[in-house]
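A closer look at the structure
Read off the chains here:
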Amino acid sequence: YKVLNISADNGFYRVDRYPVGEVLGPVDVGLKLFDKTGGLVIGAGLLAGSIIPGSNRLVFCGRSPTWGGFSVSTMGGAALIFDNLGLNALHITGRHAQPAVLVLNREHGEEVMVRLEPVPLEQVWSEYQNEVGFYALSHWVWNHFVEEYAETPRILAVGPASRATDFGAIGSLVARKSGLKPVDDWAGRGGFGSKLLREHNICAVIYGGTFVDEDFRDRKVADLWFQKRYDMRMKVKDME
């Protein structure tokens, strides 16, 4: 299980590897690091990219600024593109000097390119392309960085509530090659948007890559598993 550790104050990063079994997903990593760093963990489970229902939810966990203890929130579908980084999770610590976008890109190589780029945040939030807040920031990030990606990236972003409160959410607009669509997903519980911005001074994350692994896509095999365990096909059990 590969975790990219990023220090927001100086941009330093490294990859740590955890044995599968000791760690099965981002919540395990978050619990391991909870009392050590207080950082934010963003990641996916080992089945990310597969057809198993729920496997492509992106998980956010760590110390909640809203409630004080360990908390978990998830975002639908956002792990599908995250899987293209060839990583399982991010662990963010430290605080950048000014509001920044975390840019993550893996293009036909072994290493993920990592950098922090400044954002005129208040100006963008107030209005950009007839949008405000989270929506304005999402489009600003897309227009400034999308050309760097060989495949369609995904953007996580926050709005003004993440600066003004301890319960701000992290949102993401569905992305296609033609641009961002007016369909949004949210990690709304626990105030992780506030944590990302107020503790780390990161207002958005754009990520994507060309890493391809063998994802589980065989629906017939999945149906056999679900039939044996639940006496119904996977799609039927999922709907239930």
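The structure we're discussing is the one just above.
Since we're looking at a predicted model, the values are computed, not measured.

Regarding its fold elements, the protein chain presents eight helices and 12 strands. At 18 Å, the protein chain has a C-alpha radius of gyration in line with the 18 Å of a compact globule built from 240 residues. For the protein chain, the spread of C-alpha atoms along the three principal axes comes to 55 × 40 × 35 Å. Counting every position in the protein chain, which comprises 240 residues, the buried fraction comes to 52%. Considering only contacts within the protein chain whose residues lie at least 6 apart along the sequence, 60% involve residues at least 24 apart. Accessible area of the protein chain: about 11,700 Å², with a carbon and sulfur share of 51%.

With that out of the way, let us pick up the nonpolar core. Formed by 58 residues in total, the largest nonpolar core has its most connected members in Leu-58, Leu-104, Leu-137 and Tyr-207. If one sorts the elements of this core by residue count, helix 4 (residues 133–145) sits on top with seven residues. Other than its neighbours up to four places away in sequence, Leu-104 contacts Leu-4, Ile-6, Leu-85, Leu-90, Val-112, Met-113, Val-114, Tyr-149, Val-205, Ile-206, Tyr-207 and Gly-208. Judged by nonpolar contacts, the second largest core, of nine residues, contains Tyr-1, Val-23, Val-29 and Cys-61.

Attention now goes to the sheet that holds strand 6 (residues 89–93). Taking strand neighbours across the sheet as the criterion, the six strands line up as 2-1-6-3-4-5 in an open arrangement whose pairing is mixed. In this open sheet, the two edge strands, each paired with only one partner strand, are strand 2 (13–17) and strand 5 (70–75). Within the sheet, the average angular offset between the axes of one strand and its neighbour, ignoring direction, is 20°. Relative to strand 4 (residues 58–63), strand 3 (residues 40–43) is paired through three bridges, and the arrangement is antiparallel. Across the sheet, Val-41 pairs through a bridge with Cys-61, a residue of strand 4. Sitting on the sheet, helix 1 (residues 26–33) is in contact with strand 1 (2–7), strand 3, strand 4, strand 5 and strand 6, with an inclination near 15° to strand 4. Taken strand by strand, helix 6 (residues 192–199) contacts strand 3, strand 4, strand 5 and strand 6, and its axis lies near 65° from that of strand 4.

A word on the environment of Ala-44. With respect to the helices and strands, the residue Ala-44 is situated in the loop between strand 3 and strand 4. Spatially, the C-alpha atom of Ala-44 lies 33 Å from that of Ser-126, the residues being 82 residues apart in sequence.

Right, let's get into the pattern of salt bridges. Counted under the stated rule, the structure contains eight salt bridges. Of the charged contacts, one joins Arg-163 and Glu-122 as a salt bridge, the two residues approaching to 2.2 Å between their closest N and O atoms. Of this pair, Arg-163 sits in helix 5 (residues 161–164) while Glu-122 sits in helix 3 (residues 121–126); the two residues are 41 residues apart in sequence, bridging distant segments of the chain. The class for Glu-122 is partly exposed, based on a relative accessible area of 46%. Where Asp-185 meets Arg-154, a salt bridge forms, and the shortest distance between an N and an O atom there is 2.8 Å. Remark: Arg-154 occurs in strand 9 (residues 154–157) and Asp-185 occurs in strand 11 (residues 179–187); sequence separation between them is 31 residues.

Let us look at the environment of Ser-126. Counting through the fold element by element, Ser-126 comes out in helix 3. Those residues in contact with Ser-126 that lie beyond four places of it in its chain are Glu-131 and Val-132.

What follows concerns the side chain of His-91. Structurally, His-91 is set in strand 6. Apart from the residues lying within four places of it in its own chain, the contact partners of His-91 are Val-3, Leu-4, Asn-5, Ile-6, Leu-33, Thr-37, Gly-39, Leu-40 and Val-41.

One pass over the structure, following the stated rule, counts five aromatic pairs. Ring geometry for Phe-82 and Tyr-207: centres 5.6 Å apart, planes at 70°, overall edge-to-face. Placement of the pair is Phe-82 in helix 2 (residues 79–82) and Tyr-207 in strand 12 (residues 202–209), with a sequence separation of 125 residues. Summarising the burial analysis for this pair, Phe-82 and Tyr-207 share the class buried. Plain terms: the ring middles of Phe-134 and Trp-186 are 4.6 Å apart, the flat faces sit at 50° to each other, and that makes the pair tilted. Pair noted here: Phe-134 is in helix 4 and Trp-186 is in strand 11, with a separation of 52 residues, a long-range link. Looking at Trp-186, the relative accessible area reads 35%, which means it is partly exposed. Linked through ring pairs, Phe-134, Tyr-135 and Trp-186 together constitute an aromatic cluster. Geometry around Tyr-230 places Arg-229 over its ring, the cationic atom sitting 5.1 Å from the centre.

Counting buried positions along strand 10 (residues 170–176) gives six out of seven residues, so the element sits mostly inside the fold. Across six bridges, strand 10 lies against strand 11 in antiparallel orientation. Across the sheet, Ile-170 pairs through a bridge with Ala-187, a residue of strand 11. Joining the antiparallel neighbours strand 10 and strand 11 is a turn of two residues.

Conventions and cut-offs
Along each chain, numbering runs from 1 in the same order as the chain's sequence is written. Selection of residues for local features in this predicted model requires a pLDDT of at least 70, selection of side-chain atom pairs for listing and counting requires 80 or more, and totals for whole chains, interfaces and linings are taken over all residues. The basis for the side-chain values is all heavy atoms of the structure; hydrogens and waters are excluded. By the criteria applied, helices consist of DSSP H or I runs no shorter than four residues and strands consist of E runs no shorter than two, each listed in order from the N terminus. For the radius of gyration, the atom set is restricted to C-alpha positions; the globular benchmark scales as 2.2 Å times the number of residues to the power 0.38. Think of it in three bands: residues with accessible area under 20% of the maximum for their type are buried, residues over 50% are exposed, and the middle band is partly exposed, with areas taken using a 1.4 Å probe on protein chains only. Any pair of residues with heavy atoms lying within 4.5 Å of one another is described as a contacting pair. Here, Shrake-Rupley sampling with a 1.4 Å probe gives the accessible areas, and only protein chains in the shown set may cover a residue. The set of buried Ala, Val, Leu, Ile, Met, Phe, Trp, Tyr and Cys residues whose side-chain atoms join them within 4.5 Å is what this entry labels a nonpolar core. DSSP-based pairing: two strands are paired if at least 2 bridges between them are found. Every axis in this analysis is a line fitted to C-alpha atoms, fitted for helices over the stretch in contact. Angles between the N-to-C directions lie between 0 and 180 degrees. Salt bridge, as applied in this entry: a Lys or Arg side-chain nitrogen positioned within 4 Å of an Asp or Glu carboxyl oxygen. We call Phe, Tyr and Trp rings a pair once their centres come within 6.5 Å, taking the six-membered ring for Trp, and we label the pair stacked below 30 degrees between planes, edge-to-face above 60, and tilted otherwise. As a reminder, the over-ring test applies to NZ of lysine and CZ of arginine, requiring each to be within 6 Å of the ring centre and within 35 degrees of the ring normal.

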